[in-house]
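# Structural overview for review
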Amino acid sequence: MPKIGYHASHEQFAPSELLAHVELAAKAGFTAAMSSDHFAPWSEAQGHSGFAWTWLGAAMAKTELPFGVVTTPIGMRYHPAIIAQAGATLAEMFPGRLWMALGSGEALNERITGQRWPLKAERDARLKESAEIIRALWAGETVTRHGLIPVEEARLYSRPNTPPRIIAAALTPETARWAGGWADGLITINKPGDQLKAMVDAFREGGGGGKPLFLQVHLSFAGSEQEARRNAHEQWRTNTLAGSVAAELKLPAQFDAATRFVRPEDLDESVRISAGLTRHIDWIAEDLALGFEEIHLHNVGRNQRDFIEAFGDRVLPAVLGAAERIASTAKGTA
């Protein structure tokens with residue numbers, strides 16, 4: 001059975017408010033959750049950015065949902081040994097409920113430590129090296145390495161019986177193909193159907209066959225089409241930037257400047273905008289048909305309660321009910 005999750009956007013809400021949102025989502029029938037991990041918001045209009053790892057402990061204690069978190073342990077803002085310890089602690093307290101998506105990051109978050117911002121090729125090399133370090137620490141090894149990310153006699157003393165899965169965060173088919181060989185799964189963001197299929201195919205061709213596929217969906221739902229589009233434009237127009245551009249900008253004000261000429265009608269490829277619940281149901285059905293087994297919905301507007309309640313009443317029963325019927329039929333004919 002697929003999972004339909006609630007995405008907790010730290011960039012847009014204070015941590016206490018976000019905790020209330022994820023509790024409401026659990027009660028409404030969402031079957032998973034996912035957290036961003038930012039030091040700064042994408043734009044000044046968003047206005048928040050709490051510390052995800054503190055928040056995750058509270059959110060996992062307050063709900064019974066499985067959680068994912070997208071993070072960047074490439075040795076700048078976070079050393080991989082610290083992320084290994086953070087993930088191990090959560091997984092020991094909440095067995096089987098955590099996965100971690102590792103990405104190569106953005107200057108917006110990583111350059112705060114004053115280090116040189118590496119080129120993408122080096123960031124990717126650091127990412128793969130960090131995954132190796134994390135896995136070794138989770139396996140109980142004492143790790144000493146002198147590669148791109150130095151480690152000296154690191155060992156984790158509190159470890160879970162089963163470590164979290166390491167999922168690769170990818171925005172291009174090239175990255176997805178590369179990640180297929182070392183990651184436990186893939187997560188990407190919503191794109192037009194042909195582009196999503198290309199991502200899935202590349203991951204499988206690169207060694208990801210049989211591994212789980214996760215999707216983060218940026219959507220805008222509201223009481224009218226006009227309101228939904230206005231919310232998307234105000235809060236999430238930075239998503240129109242290519243990943244290669246977004247990775248290089250350093251401040252929220254620079255993202256605002258880079259998107260100052262983006263019009264509300266320019267957002268359709270990067271945000272699923274509709275006041276119609278049936279349209280959102282159809283979109284999710286298309287995602288499931290591509291093989292995504294965990295889909296995390298991020299309503300980009302501030303109207304979180306309306307979104308959670310409406311999707312809990314109409315969208316989740318329709319999507320999960322259809323998936324259950326298909327699974328039952330398949331089982332009966334097997």
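Figured I'd write up the structure that's included with this text. (Residues numbered from 1 in each chain as written. Predicted model: local features only at pLDDT ≥ 70, side-chain atom pairs only at ≥ 80, totals over all residues. Heavy atoms only, no water.)

## Regarding empty space enclosed by the protein
Counted according to the given criterion, the structure contains 1 cavity of 30 Å³ or more. Space inside the largest cavity adds up to approximately 30 Å³. Along the walls of the largest cavity sit V217, L219, R272, H280, W283, I284 and L297, which together make up its complete lining. Mapped onto the lining of the largest cavity, the elements with two or more residues apiece are β9 (213–220) and α11 (277–289). Sorting elements by how many residues they give to the lining of the largest cavity places α11 first, with 3 residues. Broken down by class, the residue content of the lining of the largest cavity amounts to 5 nonpolar, 1 polar and 1 charged. (1 Å grid on protein atoms, 1.4 Å probe; cavity = no way out; pocket = protein on both sides within 12 Å on 5 of 7 lines; lining within 4 Å. Points joined across faces, edges and corners; volume = space filled by probe spheres on them. Helix = DSSP H or I, 4+ residues; strand = E, 2+ residues; numbered from the N terminus. Nonpolar A, V, L, I, M, F, W, Y, C, P; charged D, E, K, R; others polar.)

## Quick notes on the pairing of strand β8 (residues 185–189)
Taking burial as the measure, the 5 residues of β8 include 5 buried ones, the bulk of the element. Of the two faces of β8, the one carrying G185, I187 and I189 and the one carrying L186 and T188 are both buried. Alignment of strand β7 (residues 165–169) against β8, held across 3 bridges, turns out to be parallel. Bridged to A169 within β8 is I187. Crossover β7 to β8 through helix α6 (residues 173–179) is right-handed. Where β8 lies against β9, 4 bridges are found, and the strand directions are parallel. Of the residues in β9, the one forming a bridge with T188 is L215. (Buried < 20%, exposed > 50% of the residue type's maximum accessible area, 1.4 Å probe, protein only. Pairing = 2+ DSSP bridges. Right-handed = clockwise from strand over helix to strand, strands pointing away.)

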